[in-house]
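In case you want the letters, here they are:
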Amino acid sequence: MLKASLALLKRDIGLSWSRGGGPILAVGFYLTLMAMIPLSLGPETQVLARVAPGLTWLSLALASLLSLERLFERDYEDGLFDILRGGKLPLEAIALIKCLAQWIGTGLILALLTPMVMIILGAPVEAAGLSLVAAVLGSLSFALIGGVGASLSLGSRKGGVLIALLVLPFYVPPVIFGAGLMQAYLTGAPITQALGLLGAYSLFALALCPIATGAALRSALN
Amino acid sequence: MIDLDMGKYVFYVWGSYGATAVALISLTIASVIAHRTQKRKLQALLDESRQP
Amino acid sequence: MISWLANPERFSRIFTPIRPYVGVAAALMFMWGLYLCFASPEDYQQGDTVRIMYMHVPAAWMAMAVYLIMGIASFFGLIWRHSLADVAAKAAAPIGAAFTALSLLTGSLWGRPMWGTWWEWDGRMTSVLVLFLFYIGYMALHAAIEDETRAAKSTAILAMIGLVNLPVIKFSVDWWNTLHQGASVVRADGPSIAPDMLWPLLVMALAFKLLFVWLWLLRIDTELMARRYRALRARLSFAEEGN
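What you see is a predicted model; the values in this text were computed from it and never measured.

**A closer look at the overall build of chain C**
Then, number 1: Within chain C one finds eight helices and zero strands.
Then, number 2: Within chain C, the fraction of its 243 residues that count as buried is 42%.

This is the structure:
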C-alpha cells in the first residue's frame, strides 16, 4: 500500500511538471502579481514595506488557485480513477496523495519564492526564515482545501472560476494568520499565537479535507 | 404613541427599514412569480401528455 | 418521522394547505412588530438608531439559522439520500443569502452613526461576510452541475464544510475584543436588554421566522414542480423517440 502510494505521488509530481506546466504557470503568475504591486501602489518603500506581508499572502493564495482545475479532471476524464478505485487505496488516500503532489509540485515552489517576494517588496532580510516556514504551512492548507473545491466542481461546466469562488473563503483564515504573523514579527509583537493558529489550521485541513475530497470524488464517480 | 420622527438619524433608520422592505418584498414577489410560472408550465405539460 | 415526511407527494399534501396560514401569520406578526418598533422608546444612549436593531438582529439570527437548516438538511440528504432534503437545502439558500446581505447592510447603516464607520473588519463582520460568500458559492455550485443527484451530493458536502463558520460567527464577539456588543438576549442569566426593546425584537424575530418558513415552503414546492416537470419532459421525449 505504501509502495502504491509513493508510486502515485511520484507520478503526480512528475505529471505536474511534464504536462501543462502547472508550476511554471503558478510561479509566473505569482511573480507577475508581485511586480504589479509596486506599479499600482507607487514605489515608496515605506508604503510597500507596510503592505508587503498582506499582499504577498494574497498573491500566494491566488497563485495557489491556478492549477487546481486540472487536479482531478485529467484522471477523471481518462478513467484512471475507476482503475485506482479497484486497487487497495481508498479514495480518501488517493485524494490526500494527489493534494500532497499538488503541494510539492506547486505550493512548495511558491513558498520557496515567498521570502524573496517579501524582501523585494521591502520586508527585512531577517524575516526570510519565518516567512518561509509560514508559507510552507499556508501553502499546504491551500493545496488541501483546493482539492476539496476541485473535486466538488468536477463535472461542472465552469471549473476555474467556480473553484475560486468555493475555495477562496476557506483561504481567508490562513491569509489572516500568515499576514498577521509577518506583521507581528515586523512590529516586534509576539508571534507564537499567529504561528500556532496557522499550524493548527493546516493540521485541521490535513485531517478533514481528504475525507471531504474523497466523498466528493465518490459522488462524481458514481 | 408611535414615534416616526427619527431626528438626525432619519437616513440610517429609514434606510435600513427601506432596504429590508425592498429585499424581502422583492424576494417574496420573485418566489411567487417563479411558483406560478412553474405551476403553469407543469400543468401545460400534464395536459399535453394526457391528450397526445 | 423524517423519512416519512421525505416523500415529496406526502410533503406537498401536508404543507400546501398549511402554507397560507403561515403567510397570514407572518403578515400579522410583521404588522404588530412594525408597530412595536416605532412605539418603543428611544434608547438613552443610541437614540432612534436603536430601531435599526429590530431589523438587524432578526436578519442576522436568520442568516445563521438558515445556514444551520441547510447544513442539517444536507446531512440528512447525504446519509439517507432523500431528494427532498436537497430540495429543502436548495430552496433555503437564496432566502438565507438575502437575510445575510440584509444583516450586513443594516449593520453598516447602524455602524455609521454609532461607531462612526460604515464597515469595521472585526471578527463578526468578516465571518458574516464569509457566510454570505458560502451562500453564493453554494448556489453557484448547484447551478453549475447539471446532473441532479450529483449536484445534490456536491453541494451537501460543501454546505456541511461551511458549518464550521457558524461557531466562529457566534463566538467572534467573545474571542476578539471588537466594537460589536456581546450577547444580550440569549444569556445564561436572562436577557440583559430592557423589556421595552426586547418585545419588538422578539416579535420581529418571529415575523422573520414565519416569513422564512412561508418562503421556504413556497420555494420547495416550486422546486418539486420543476423536478416533476423535467422528469415528465424527459419521459415524453423518450416516448417520442421510441415511436
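**Digging into the arrangement of the chains**
Then, number 1: Counting contacts across all two pairs of chains that touch, the top pair turns out to be chains B and C.
Then, number 2: Taking C-alpha atoms as the reference, chain A and chain B come no closer than 24 Å and do not contact one another.

**Brief notes about the interface of chain B and chain C**
Then, number 1: Between chain B and chain C, the contact holds 27 residues from the first and 33 residues from the second.
Then, number 2: Residue classes in the side of chain B that touches chain C are distributed as 15 nonpolar, nine polar and three charged.

**Here we look at the packing of helix α6 (residues 91-120) of chain A against helix α7 (residues 128-152) of chain A**
Then, number 1: Running from N to C, α6 of chain A and α7 of chain A point in directions that differ by 145 degrees, and their axes come no closer than 7 Å. In this structure, the crossing between α6 of chain A and α7 of chain A has a hand that is right-handed.

**Focus on the nonpolar core**
Then, number 1: One finds I145 of chain A together with A63, V66, A88, A89, A92 and L211 of chain C to be the most contacted residues of the largest nonpolar core, which totals 144 residues.
Then, number 2: The dominant element in this core, judged by the number of residues it contributes, is helix α8 (residues 195-242) of chain C, at 18 residues.
Then, number 3: In contact with A92 of chain C, other than residues within four places in its own chain, are V66, I69, M70 and W216 of chain C.

**Points about the interface of chain C and chain A**
Then, number 1: In this assembly, 16 residues from chain C lie in contact with 17 residues from chain A.
Then, number 2: Examining the composition of the side of chain C that touches chain A, we find that eight residues originate from one element, helix α5 (residues 123-144) of chain C, more than from any other.
Then, number 3: Of the residues that constitute the side of chain C that touches chain A, the class distribution is eleven nonpolar, two polar and three charged.

**Structural notes on the confidence of the model for chain C**
All names here are of chain C.
Then, number 1: Of all residues in chain C, 89% attain a pLDDT of 70 or more, and the chain-wide mean is 85.
Then, number 2: Confidence, expressed as mean pLDDT per element, reaches its minimum in chain C at helix α1 (residues 2-5) with 68 and its maximum at helix α3 (residues 53-80) with 92.
Then, number 3: Quick note on the complex model: pTM equals 0.85, ipTM equals 0.87.

What counts and how
- Residues numbered from 1 in each chain as written.
- Chains lettered and ligands numbered in written order.
- Predicted model: local features only at pLDDT ≥ 70, side-chain atom pairs only at ≥ 80, totals over all residues.
- Helix = DSSP H or I, 4+ residues; strand = E, 2+ residues; numbered from the N terminus.
- Buried ≥ 20, exposed ≤ 12 C-beta atoms within 10 Å, placed from the backbone.
- Contact = placed C-beta atoms within 7 Å.
- Nonpolar A, V, L, I, M, F, W, Y, C, P; charged D, E, K, R; others polar.
- Axes fitted to C-alpha atoms, helices over the stretch in contact; angles between N-to-C directions.
- Left-handed = near helix turned anticlockwise from the far one by under 90°.
- Core = buried A, V, L, I, M, F, W, Y, C linked by C-beta atoms within 7 Å.
- pLDDT = per-residue confidence, 0-100.

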